[in-house]
Amino acid sequence: LTEEILWRGFVLTFLSKKSNNFFAIFITSVFFGLMHFPVTYSFTQVINVKIFLFDFDGTIVTEDILDVVCDIVGKKEESRIINEKTHTGELTGLQPLCDRINFLHGVSYEQIKKKLDEESYLRKGTVELFEYLRASDFITILSSGNIMPVLRYYKELLGIDYIFGSNPKMTG
C-alpha cells in the first residue's frame, strides 16, 4: 500500500506541474483506479497501461486549427498574426488565446464541422495510428488548449476516447 501511495503522489505531483490539476487528477485516477494492485506486485508488473496521450496542434494536425476555424468569420489572418506574436514573445499570457477564441463567438459546432470537413489537416499516418491503437485496446487522450468543438470533431473522426481543451461559451 505504501508503494502505491508514493507512486500515486509522485505521478499526481508531476502531472500537476506539467498540466492543470483536473487533468492530473483524471490521469492519476485512471492510472491507479483501473489498475488497483496488491502490495505484493512491483511497479514494473503493473506498468502495462495502454494509454496514449496526444497534443493536438502541430502534433496530429499540420495547421493551427484555431486559425482555420477563425476563417469561418473572416478572422483567419488576424488569428494567425496574434498566434505568431505569441510564439515570438511579443504577446504573453492567456489573453491572446482568449482574443482568438472570442473571434468565434456565435459559431456553432455544425459550422466548425463543415469547415473541417473541407480538409482534415491530419498528419500522414494519423488515421492508421488511431486505427491501430483502437484495435490494440489503447486508451487515447487528446489534450490541447484548443476549443472543445474542434477537439470533439477530431474525437469523432479518429475515435479518440477522451478530450481535454478550452470550453468557452460560444452560444452558436
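Here, every reference points to the structure presented above.
Remember, it's a predicted structure, so these values are computed and weren't measured experimentally.

A.B. asks: Account for the overall build of the protein, naming residues and giving values.
C.D. replies: Helices and strands together make up the secondary structure of the protein, namely eight helices and three strands. In the protein, the order of α-helices and β-strands from amino to carboxyl end is α-α-β-α-α-α-α-α-β-α-β. Burial statistics for the protein: of 172 residues in total, 37% are counted as buried. Sequence-distant contacts, at least 24 apart, represent 64% of the contacts inside the protein between residues at least 6 apart.

A.B. asks: Tell me about unusual backbone geometry, and name the residues and values.
C.D. replies: For Tyr121, which is not glycine, the phi torsion reads 65° and is therefore positive. Counting through the fold element by element, Tyr121 comes out in the loop between helix H6 (109-118) and helix H7 (126-135). Judged by its relative accessible area of 14%, Tyr121 falls in the buried class. With phi around 60°, Asp137 is a residue other than glycine that occupies positive phi space. Take Asp137: it is sitting in the loop between H7 and strand E2 (139-147). The class for Asp137 is exposed, based on a relative accessible area of 62%.

A.B. asks: Which residues make up helix H5 (residues 95-102), and what values go with them?
C.D. replies: Think of an α-helix as turning once every 3.6 residues; residues three or four places apart then point the same way. Listed as buried for H5 are Pro96, Arg100 and Ile101. The arc that holds the buried residues of H5, viewed along the axis, is 135°, so those residues lie on one side.

A.B. asks: Help me get a handle on the environment of Lys113, residues and values and all.
C.D. replies: Residue position: Lys113 is located in helix H6. Considered as a pair, Lys113 and Tyr153 are 40 residues apart in the sequence and their alpha carbons are 6.4 Å apart.

A.B. asks: Describe the environment of Leu97, listing the residues and the values that go with them.
C.D. replies: Along the chain, Leu97 turns up in helix H5. What makes Leu97 partly exposed here is its relative accessible area of 24%. When the C-alpha atoms of Leu97 and Ser166 are compared, they prove to be 9.8 Å apart, with 69 residues separating the residues in sequence. Excluding its chain neighbours within four sequence positions, the residues that come into contact with Leu97 are Leu66, Gly145 and Ser166.

A.B. asks: So, helix H8 (residues 148-158): which residues are in play, and what are the values?
C.D. replies: The complete set of buried residues in H8 reads Pro149, Val150, Leu151, Tyr153, Tyr154 and Leu158. Looking at the buried positions of H8, the neighbouring elements they touch are helix H3 (65-70), H6, H7, E2 and strand E3 (162-166). Looking at the residues trailing H8, positive phi occurs at Gly159, about 75°.

A.B. asks: Could you give an account of the sheet that holds E2, with specific residues and numbers?
C.D. replies: With parallel pairing, the three strands of this open sheet are ordered in space as E1-E2-E3. At either end of the open sheet lies a strand with only one pairing partner, and these are strand E1 (51-54) and E3. If you compare each strand with its neighbour and ignore which way they point, the axes differ by 15° on average. Of the strand pairs in this sheet, E2 and E3 are connected by four bridges, and their pairing is parallel. Opposite Leu142, over in E3, you have Ile163 as the bridge partner.

A.B. asks: Summarise the nonpolar core; cite the residues concerned and give the values.
C.D. replies: In this structure, Phe56, Ile65, Leu116, Val150 and Tyr154 are the most contacted members of the largest nonpolar core, which totals 31 residues. Leaving out residues up to four positions away in the same chain, Ile65 has contacts with Phe56, Asp57, Leu116, Tyr121, Asn146, Val150 and Tyr154.

A.B. asks: Which residues make up the side chain of Asn146, and what values go with them?
C.D. replies: Within the element layout of this structure, Asn146 appears in strand E2. For Asn146, a relative accessible area of 2% translates into the label buried. Excluding residues within four positions of it along the chain, Asn146 makes contact with Phe56, Asp57, Ile65, Leu66, Leu151, Gly165 and Ser166.

Conventions we followed
- Residues numbered from 1 in each chain as written.
- Predicted model: local features only at pLDDT ≥ 70, side-chain atom pairs only at ≥ 80, totals over all residues.
- Heavy atoms only, no water.
- Helix = DSSP H or I, 4+ residues; strand = E, 2+ residues; numbered from the N terminus.
- Buried < 20%, exposed > 50% of the residue type's maximum accessible area, 1.4 Å probe, protein only.
- Contact = heavy atoms within 4.5 Å.
- Arc of directions from axis to C-beta.
- Pairing = 2+ DSSP bridges.
- Axes fitted to C-alpha atoms, helices over the stretch in contact; angles between N-to-C directions.
- Core = buried A, V, L, I, M, F, W, Y, C linked by side-chain atoms within 4.5 Å.

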